[in-house]
Amino acid sequence: MASNALPRRPAAAAAPADDAIPLHERVRHRGLLTVAVMGASIMQILDTTIANVAIPHMQSALGATSETVTWVLTSYILASAIAMPITGWLADRIGRRELFLAAVAGFIVASMACGAAQSLEQMVAFRFLQGISAAFIGPLSQSVMLDINPPERHARAMSIWGMGIMIGPILGPVLGGWLTESVNWRWVFYVNLPVGLLTLAMMWALLPATRKRDRRFDLFGFSMLALGLAALQLMLDRGAHEDWFNSVEIWIECGVAIACLWMFFVHLLTARGDTLFNRKMLADRNLVTAMGFMVVIGVVMFASMALLPPMLQNLFGWPVIDTGWVLAVRGVGILMSMWVAGQLLGKIDARWMVGTGLLTAAYSLWQMSHWSLAMGMQPVIVSGLVQGIGMGLIFIPLNTMAFATIAPQHRTDGSSLLNLLRSLGASLGISVVTTLLGSNIQTSHEDLAAHVTNSSVSLLDPSTADRFGIAGDTAMAMVNAEINRQAAMVAYIDDFWLMMWVTLASVPLVLLLRPPKPGGPKASAADMGH
């Protein structure tokens, strides 16, 4: 007789009676589980950039304006910033396996809903839900990669995880552009369905459960942090559009961000009960230093990736696909250096690799600061390759050292903080460089226009151009267009100089890092009780 009993969960998913057994000794088919975890991670990180290309098509299809359609991006960023800090608490309360599966399933459903959205309001709501799910996937994937590998394999695990995190934002615009032009903009979201379902099935079968802990929720701390981060992200995202502090909205968002974040930090340092993050974890020098470096990585990598596509397309006239392929060379450099970093970790001091990576990334920005409108593709390819090599040398050793001195049960919290700081760094960097770009274009235009005289323009006297009617107006319009191009190029170069100095200024932070101890950190009884 057929049994009506529900199918049992696979043996690998059941937590053992003795939770003291390390997770890497309980996992089956580590290779397949790694593929599943990386599939979820890449799917999530791609969606941070893949939708940007489709924004103009969404605007016309959803009947939105150029101002309101930006909420498709803003809602995703806001949701991720608000939800990411509670990843560790949720993982302890409901179980990391359960949270990971729920996050991937939620991301798939939200992606399908985004693809089927018929109005801007629906799209913004579904993107918000997608951002909440994405907020959990990033930190959980990193902590799982660390837990399913023994300490001696952490460098290799972080190199695999880092490849997806660093290459995803580079490939996103290429894949998004191809899907938008070849199929339909809705496939920017539908493409998550096959990858997500396969990933979900593999994790359901292979991902082991971890012990749940009764951890009190710090409602006040979370409320202050969520409000502060939401206000900060709104200010960074809308600042350039609202003319920054000439807008009442920006002043309000800035005030709310400062007040709420200040109260959160005071509460974190002085509260007697459980706080949102364990104070012992935040006292770890490696983790805090790595958080600072994550801001720099966000500024340098994501800000430069935001600047280069419009520069190459608008100033140099390159097609979208060509621009994407040229910028994808940066991913080749990342792959090369991450492989090298994974091989060298444990053989040489990881701090040397981080320092070398920072100097290499700074050198690539120095190369970019010497670009001109007369160049071809080669300087872009070379500098992108060099920057990719630098980023890879930074990312793997840094993530390895960040978790080398904290107890294993704090990895999810630590990962959520590192991912959050990288996201904030990207938002900060993009806001600063785009604002400076606009103001520097105006300043450079005025400086260059002041040198346009009858002696500098031999074929036309600007002071008498109006005598030639339409021909004179056309000639002056051409001169003004060229001044605009040159002024924009000068402004881009100024941004590259700024990012280079920010990178160089962060090099001394390497001295604060401590090399990992053999065997990795051990959990204390006091920590386990948190």
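Since we're looking at a predicted model, the values are computed, not measured.

Cut-offs applied
Residues numbered from 1 in each chain as written. Predicted model: local features only at pLDDT ≥ 70, side-chain atom pairs only at ≥ 80, totals over all residues. Heavy atoms only, no water. Helix = DSSP H or I, 4+ residues; strand = E, 2+ residues; numbered from the N terminus. Buried < 20%, exposed > 50% of the residue type's maximum accessible area, 1.4 Å probe, protein only. Contact = heavy atoms within 4.5 Å. Areas by Shrake-Rupley, 256 points an atom, 1.4 Å probe, with all protein chains shown as cover. Axes fitted to C-alpha atoms, helices over the stretch in contact; angles between N-to-C directions. Parallel < 35°, antiparallel > 145°, perpendicular 65-115°, else oblique. Left-handed = near helix turned anticlockwise from the far one by under 90°. Patch = residues over 30% accessible without salt bridge, like charges linked within 9 Å, V, L, I, M, F, W, Y side chains within 5 Å. Salt bridge = Lys/Arg side-chain N within 4 Å of Asp/Glu carboxyl O. Core = buried A, V, L, I, M, F, W, Y, C linked by side-chain atoms within 4.5 Å. Phe/Tyr/Trp six-rings, centres within 6.5 Å; stacked < 30°, edge-to-face > 60°. Lys NZ or Arg CZ within 6 Å of the ring centre and 35° of its normal. Expected span 1.5 Å × (residues − 1). Bend = angle between axes of the 7 residues up to and from the residue.

Undergrad: Report on the overall build of the protein, specifying residues and quantitative values.
TA: Counting secondary structure elements, the protein contains 20 helices and zero strands. For the protein, with 530 residues in total, the buried portion stands at 53%. The contacts in the protein between residues at least 6 apart in sequence include a share of 84% that link residues at least 24 apart. Carbon and sulfur atoms make up 67% of the accessible area of the protein, which totals about 23100 Å².

Undergrad: Tell me about the packing of helix 11 (residues 219-238) against helix 12 (residues 248-270), and name the residues and values.
TA: Close contact between helix 11 and helix 12 brings their axes to 7 Å; oriented N to C, the two are set at 150°. Put simply, helix 11 runs roughly antiparallel to helix 12. Seen from above, helix 11 lies across helix 12 with left-handed handedness. Note on element contacts: helix 12 touches helix 11 through Glu249, Ile250, Glu253, Cys254, Val256, Ala257, Cys260, Leu261, Met263, Phe264 and His267, opposite Phe220, Gly221, Met224, Leu225, Leu227, Gly228, Leu229, Ala231, Leu232, Leu234, Met235 and Arg238.

Undergrad: Before we move on, can you summarise a nonpolar patch on the surface with the specific residues and values?
TA: Together, Leu359, Tyr363, Trp366, Trp497, Trp501 and Leu504 give the surface a local cluster of nonpolar side chains, amounting to about 600 Å² of exposed area. For the nonpolar patch, the secondary-structure elements that each account for two or more residues are helix 16 (350-368) and helix 19 (469-505). The topology assignment puts Tyr363 in helix 16. Looking at Tyr363, the relative accessible area reads 42%, which means it is partly exposed.

Undergrad: Tell me about the nonpolar core, and name the residues and values.
TA: Counting 121 residues, the largest nonpolar core has Phe100 and Met311 as the members making the most contacts within it. Not counting chain neighbours up to four residues away, the residues in contact with Met311 comprise Phe316, Trp371, Met489, Tyr492 and Phe496. Membership of the second largest hydrophobic core comes to 17 residues, among which are Ile50, Ala117, Leu120 and Phe189.

Undergrad: Describe the packing of aromatic side chains, naming the residues involved and giving the relevant values.
TA: Under the counting rule described, the total for this entry stands at nine aromatic pairs. Measuring from centroid to centroid gives 5.9 Å for Phe316 and Trp318, while their planes differ by 55°, and the two rings are tilted. An aromatic cluster of at least three residues, connected via ring pairs, comprises Trp89, Phe217 and Phe222. In this arrangement the basic side chain of Arg97 is found over the ring face of Trp204, its NZ or CZ atom lying 4.9 Å from the centre.

Undergrad: Provide a residue-level description of helix 7 (residues 120-147), including the pertinent values.
TA: Compared with the 40 Å implied by 1.5 Å per residue over 28 residues, the 41 Å span of helix 7 between its first and last C-alpha is a close match. The buried count for helix 7 comes to 20 of 28 residues, which makes it a mostly enclosed element.

Undergrad: Could you give me a rundown of the pattern of salt bridges, with the residues and numbers involved?
TA: Close approach of charged atoms lets side chains of opposite charge pair. In the structure shown here, the tally under the stated rule is one salt bridge. For Asp349, the salt bridge is made with Arg351, and the minimal N-O distance between the two is 2.7 Å. Its relative accessible area of 24% is what places Asp349 among the partly exposed residues.

Undergrad: Tell me about the environment of Gly324, residues and numbers included.
TA: Mapped onto the secondary structure, Gly324 falls in helix 15 (residues 320-344). Here Gly324 falls in the buried class, since its relative accessible area comes to 12%. Linking Gly324 and Leu312, residues twelve residues apart in sequence, is a C-alpha distance of 9.9 Å.

Undergrad: Pulling in residues and values, what's your account of helix 8 (residues 154-182)?
TA: One full turn of an α-helix is made of 3.6 residues, so residues set three or four places apart face in the same direction. When the terminal C-alpha atoms of helix 8 are compared, their 40 Å separation across 29 residues agrees well with the 42 Å that a helix rising 1.5 Å per residue should span. Helix geometry: helix 8 is bent most strongly at Gly168, by close to 40°, with proline Pro169 lying one to four residues after it.

Purely geometric numbers; function is a separate question.
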